[in-house]
Amino acid sequence: MNVLDFCGVGDIRTYLNEPFYIDGNICCSNGHILAWRHQNEIGTDDAPSEMKQRVREMMNIDHSKFKPVSFDLPVIEMRKCRVCEGTGKCTRSICEECDGDGEVELCNDYNCYCDECKSCDGDGQIISIGGDLCEECNGSGEVQKDKHIRLKLCDVIIQAKYAKLIHGDGLECFKHDEMLIFKKDGVTGIIVGCRE
Ligand SMILES: [Zn+2]
Ligand SMILES: [Zn+2]
């Protein structure tokens, strides 16, 4: 398990797209999950101040509660990402014709007409292949056919894509406040559960 897999990808909260350091730990989060690993070399604490306190509180977990857990991954069927056409890279820019509204307004002496912008098909943004990592597929070029596959671990419902990250030998977990606390390969982390 690689702690870096828990970083956000293309998140507008850019501090989530990179690991940060707190109290000698390298931490990664995408907003729904948080994972950390102790580093032997002391890094400089550079956690964004808006999350430092909360992350410290979350990292303060009861290690005596861990129990070995094993589970079968559900079959996750993949399909080509339509946004980046499977390349894993695409760049979004605001549509110039509608200025990001997705609609254009045309007025003459009699009336005003509002219509879907034909340049961007009403999306308000133009996607061109290449450049940045595709947010839709995290740069893999593939997305889950059914985005809503979930499974229950220790009575916490989590998304299949997160189960995939922690799956494997040596996994230990427990439930705490509707969150799944996990530990494997020296990485400890928290996955916020989904509502039923
Ligand atoms: Zn994509
Ligand atoms: Zn447009």
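Since this is a predicted model, take the numbers as computed values, not measurements.

### Re the pairing of strand β7 (residues 103–107)
Inference 1: Within β7, only zero of the five residues are buried, leaving the element largely exposed.
Inference 2: Bridging between β7 and strand β8 (residues 112–116) involves five bridges; their strand directions are antiparallel. Bridging from a neighbouring strand, glutamate 105 pairs with cysteine 114 of β8.
Inference 3: Hairpin connection of β7 to β8: four residues between the antiparallel strands.

### Structural notes on the pairing of strand β14 (residues 179–184)
Along any regular strand, the residues point their side chains to alternate faces of the sheet.
Inference 1: Of all six residues in β14, five are buried, a share of seventy percent or more.
Inference 2: Where strand β13 (residues 172–176) meets β14, five bridges bridge the pair, whose relative direction is antiparallel. Residue cysteine 173 lies in a different strand from β14, and its bridge partner there is phenylalanine 182.
Inference 3: In textbook terms, the turn of a hairpin is the stretch between consecutive antiparallel strands, and for β13 and β14 this stretch comprises two residues, one of which, aspartate 177, has a positive phi near 50 degrees.
Inference 4: In this structure, β14 lies alongside strand β15 (residues 187–192), joined through six bridges in antiparallel fashion. Looking at the pairing, lysine 184 lines up with valine 187 of β15.
Inference 5: Where β14 hands over to β15, the hairpin turn is made up of two residues, of which aspartate 185 adopts a positive phi near 50 degrees.

### A look at unusual backbone geometry
Inference 1: In the Ramachandran plot, aspartate 121 falls in the positive-phi region, its phi being about 55 degrees despite a non-glycine side chain.
Inference 2: C-beta crowding within 10 Å serves as the criterion here: with 11 such atoms nearby, aspartate 121 is assigned to the exposed category.
Inference 3: In this model, cysteine 154 sits at a positive phi of 50 degrees, which is unusual for a non-glycine residue.
Inference 4: In this fold, cysteine 154 is placed in the loop between β11 (150–153) and β12 (156–159).

### Notes on the nonpolar core
Inference 1: Ala35, Leu180 and Ile191 are the most contacted members of the largest nonpolar core, which has 28 residues in total.
Inference 2: Those elements that place two or more of their residues in this core are β2 (25–29), β3 (33–38), β12, α2 (160–166), β13, β14 and β15.
Inference 3: When neighbours within four sequence positions are excluded, isoleucine 191 is seen to be in contact with Ile33, Ile158, Tyr162, Met179, Leu180 and Phe182.
Inference 4: If you look at the next biggest cluster of nonpolar residues, it comprises six residues, including Cys81, Cys84, Cys90 and Cys137.

### Focus on the sheet that holds strand β1 (residues 20–22)
Inference 1: Read from one edge to the other, the open sheet built from seven strands follows the order β1-β2-β3-β15-β14-β13-β4, with strand pairing classed as antiparallel. Each edge of the open sheet carries a strand with a single partner, namely β1 and β4 (67–68).

### Quick word on the environment of aspartate 23
Inference 1: Of note, aspartate 23 is situated in the loop between β1 and β2.
Inference 2: Counting along the chain gives 111 residues from aspartate 23 to cysteine 134, while the straight-line C-alpha distance between them is 32 Å.

Basis of the calculations
Residues numbered from 1 in each chain as written. Chains lettered and ligands numbered in written order. Predicted model: local features only at pLDDT ≥ 70, side-chain atom pairs only at ≥ 80, totals over all residues. Buried ≥ 20, exposed ≤ 12 C-beta atoms within 10 Å, placed from the backbone. Helix = DSSP H or I, 4+ residues; strand = E, 2+ residues; numbered from the N terminus. Pairing = 2+ DSSP bridges. Core = buried A, V, L, I, M, F, W, Y, C linked by C-beta atoms within 7 Å. Contact = placed C-beta atoms within 7 Å.

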